[in-house]
Amino acid sequence: MSEENSGEKTIEDWRVRIDEIDLELVKLFNERTQCAIEIGHIKKRLGLEIYSPSREAQVIANVTAANTGPLDAEAIRRLFERVIDEARRIERIEASKEEGSGQ
Amino acid sequence: MGGLNPPTIHCPLPTIFMIIVMEENATEEQIVRVVDRLIKFGFDIHRSTGSRYTLLGAVGSRVADPRELELLEGVNKVVRVSAPYKLAARAFKPEGTKIEIGDVAIGGEQAPVMAGPGVVESREQMETIAGRLAMRGVRVLRGGAFRTSDDPYGFQGLGEEGLKLLREVADRHRMLTHSTIFDAAQLPLFARYVDIIQVSERDMRNYALLKELAKLGKPVMLRRGASSTIEEALMAADYVMRCGNHKVIVCERGIRTFETYTRHTLDLSAIPVIKKLSHLPIVVDPSRAMGRRDKVPPMARAAVAAGADGLLIEVHHEPDHALSDGAQSLTLEQFDKLIDQLRLIASAVERTL
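Residues numbered from 1 in each chain as written. Chains lettered and ligands numbered in written order. Predicted model: local features only at pLDDT ≥ 70, side-chain atom pairs only at ≥ 80, totals over all residues.

**Things to note about the overall build of chain A**
Line of reasoning, step 1. Each helix and strand in chain A was counted, giving three helices and zero strands.
Line of reasoning, step 2. Traced from its N-terminal end to its C-terminal end, chain A shows the element sequence α-α-α.
Line of reasoning, step 3. A burial count over chain A gives 4% of its 103 residues as buried. (Helix = DSSP H or I, 4+ residues; strand = E, 2+ residues; numbered from the N terminus. Buried ≥ 20, exposed ≤ 12 C-beta atoms within 10 Å, placed from the backbone.)

**Overview of the nonpolar core**
Residues and elements named next belong to chain B.
Line of reasoning, step 1. Among the nonpolar cores identified, the biggest contains 82 residues, and Leu222, Ala237 and Leu311 are the most heavily contacted of them.
Line of reasoning, step 2. Ranked by residues supplied to this core, first place goes to helix H7 (residues 230–242) with seven residues.
Line of reasoning, step 3. With residues near it in sequence (within four places) discarded, Ala237 still touches Tyr85, Ala88, Leu222, Val248, Val250 and Leu280.
Line of reasoning, step 4. With 15 residues, the next largest nonpolar core counts Ile16, Met22, Phe43 and Val78 among its residues. (Core = buried A, V, L, I, M, F, W, Y, C linked by C-beta atoms within 7 Å. Contact = placed C-beta atoms within 7 Å.)

**What about the interface of chain B and chain A?**
Line of reasoning, step 1. Contact with chain B, which involves 11 residues of that partner, is made by 10 residues of chain A.
Line of reasoning, step 2. Elements supplying a minimum of two residues to the side of chain B that touches chain A: helix H1 (28–40) and strand E2 (44–49) of chain B.
Line of reasoning, step 3. Counting residues per element, the side of chain B that touches chain A draws most heavily on E2(B), which supplies six residues.
Line of reasoning, step 4. Here the residues of the side of chain B that touches chain A are counted per class, giving four nonpolar, four polar and three charged. (Nonpolar A, V, L, I, M, F, W, Y, C, P; charged D, E, K, R; others polar.)

**Here we look at the sheet that holds strand E1 (residues 16–22) of chain B**
All names here are of chain B.
Line of reasoning, step 1. Pairing is antiparallel in the open sheet, where four strands are placed in the order E2-E3-E1-E4. Bordering the open sheet on either side are E2 and strand E4 (75–80), each of which pairs with just one other strand. Between one strand axis and the next, the sheet turns through 15° on average, direction left out of account.
Line of reasoning, step 2. Across six bridges, E2 lies against strand E3 (residues 54–60) in antiparallel orientation. Bridged to Ile45 within E3 is Ala58.
Line of reasoning, step 3. Seen against the sheet, H1 touches E1, E2, E3 and E4 and runs at an angle of roughly 5° to E3. (Pairing = 2+ DSSP bridges. Axes fitted to C-alpha atoms, helices over the stretch in contact; angles between N-to-C directions.)

**Notes on the pairing of E1(B)**
Residue and element names in this part refer to chain B.
Line of reasoning, step 1. Residues Ile16, Met18, Ile20 and Met22 point to one face of E1 and are all buried, whereas Phe17, Ile19 and Val21, pointing to the other face, are not buried.
Line of reasoning, step 2. Sheet topology places E1 next to E3; six bridges connect them, and they run antiparallel. Within E3, the position partnered with Ile16 by the bridge is Gly60.
Line of reasoning, step 3. With five bridges connecting them, E1 and E4 associate as antiparallel partners. Considered in E4, the bridge of Val21 is made with Lys77.

**Here we look at the environment of Gly131(B)**
Line of reasoning, step 1. Looking at the secondary structure, you find Gly131(B) in helix H3 (residues 123–135).
Line of reasoning, step 2. On a C-alpha basis, the gap between Gly131(B) and Gly57(B) in space is 60 Å, while along the polypeptide they are 74 residues apart.

**What to know about the packing of helix H6 (residues 207–216) of chain B against H7(B)**
All names here are of chain B.
Line of reasoning, step 1. Packing of H6 against H7 brings their axes to within 8 Å, and their N-to-C directions diverge by 45°. What the angle tells us is that H6 and H7 run oblique. Between H6 and H7 lies a crossing whose hand is right-handed. Contact residues: H6 offers Tyr207, Leu210, Leu213 and Ala214, while H7 offers Ala236, Tyr239 and Val240. (Parallel < 35°, antiparallel > 145°, perpendicular 65-115°, else oblique. Left-handed = near helix turned anticlockwise from the far one by under 90°.)

**Concerning the pairing of strand E11 (residues 220–223) of chain B**
Residues and elements named next belong to chain B.
Line of reasoning, step 1. Here E11 shows two buried faces, one formed by Val220 and Leu222 and the other by Met221 and Arg223.
Line of reasoning, step 2. Two elements, strand E10 (residues 196–199) and E11, share three bridges in a ladder whose sense is parallel. Within E11, the position partnered with Ile197 by the bridge is Val220.
Line of reasoning, step 3. The parallel pair E10 and E11, bridged by H6, forms a crossover whose chirality is right-handed.
Line of reasoning, step 4. Two elements, E11 and strand E12 (residues 248–252), share four bridges in a ladder whose sense is parallel. Among the inter-strand pairings, Arg223 is bridged to a residue of E12, identified as Cys251. (Right-handed = clockwise from strand over helix to strand, strands pointing away.)

**Considerations on the environment of Glu56(A)**
Line of reasoning, step 1. Relative to the elements of secondary structure, Glu56(A) occurs in helix H2 (residues 53–66).
Line of reasoning, step 2. For the pair Glu56(A) and Glu24(A), spaced 32 residues apart in sequence, the C-alpha separation works out to 23 Å.

**Looking at helix H4 (residues 160–172) of chain B**
Residues and elements named next belong to chain B.
Line of reasoning, step 1. With 13 residues, H4 ought to run about 18 Å at 1.5 Å a step, and its terminal C-alpha atoms sit 18 Å apart, in line with that.
Line of reasoning, step 2. Among all positions of H4, only Gly162, Leu163, Leu165, Leu166, Arg167, Val169 and Ala170 are buried.
Line of reasoning, step 3. Lining the buried residues of H4 we find H3, strand E8 (140–142), strand E9 (176–181) and helix H5 (187–193).
Line of reasoning, step 4. Where H4 terminates, the next one or two residues include Arg174, which has phi positive at roughly 50°. (Expected span 1.5 Å × (residues − 1).)

See the structure below:
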């Protein structure tokens, strides 16, 4: 009945693992964001729009196609929508910084 | 607000937050078009694609017209979460606004009674009334000089002479002056003679006047229109504040309802509502709303009990001979009795008059 004697992992064990994964995610999110910032700079230089719906659709298609579960495609989509929202936001902020310093 | 040139006042714009609900069968193209429009408006988007509905959260610092978004194809509904007024919103100054003029403060612990005749008629009239009011501790003398009566044949006021009399008599009794402006051309006179400048309910939306008035920098008392919502009154306050004058007092003076017994229905519920929504002081004018003097004291008492930051009361030494609105003016004796009662009520709600 009790968790300790079964030899299985406890809630605490799983939480330790989740914490490790979260740290990896933070690292990866920031790495991904750095790429978005670089793209933002290039877009700015080339005079391209920050909002690129076809690229966003492609990102969603890539990640849902690669998905093997247990998250379903809709869940993956919603999670990546948040990632894309934040990338778009940081690109905007970077672009407006350049505008400010260019004056 | 296009068309009018916004003044070059730089104030931090609070965050605008909207939620756009797309139609159940909205296509990806339609969603993209809405996102694109919002991004062009300067919003950051939080997209959430649900199994049936796609929601777009939009966060930005620019006001966008929700109708423009609602007109886009595939949009079901636009919900504006933040209020359309910003500077008047409570969040802009959570501690509340206290307007200090000399040793009178509106919006703090004090809830001053501002009293006097509807219109300035003569020196004798003003002396008699002001002398008595000052004796009872009233610190703000009200008096109209440019009476825009609904009756085209009624007394129209003494004009500059009236303002001058108001000032002279108020100074003699160490009182402040309060009067209503009707036209931007009157601004130089109000700059000279008047401490608290009132904007009539009809002019609450006279934005040209509000803009000019804001430049003076004197406290502005903005009367809520009889057919205006609280939100509209606070938007008008934003107009004055946006032009750099944050000394705005909102005045509740009755709204139009289906009830015809009284002239207007005094909306006392506006007091706690405005206190929650806004940091601006709210004063109440029971005289105008009720239109009959016997109905004024009960509503004045209720207003103080409900937390009004001040009262505006019409008083006349000879109401039966008043040149304007005698029926809604209290006699001096009635006022004496009322102010004693108001002091008791004020202390019960931890205020002073």
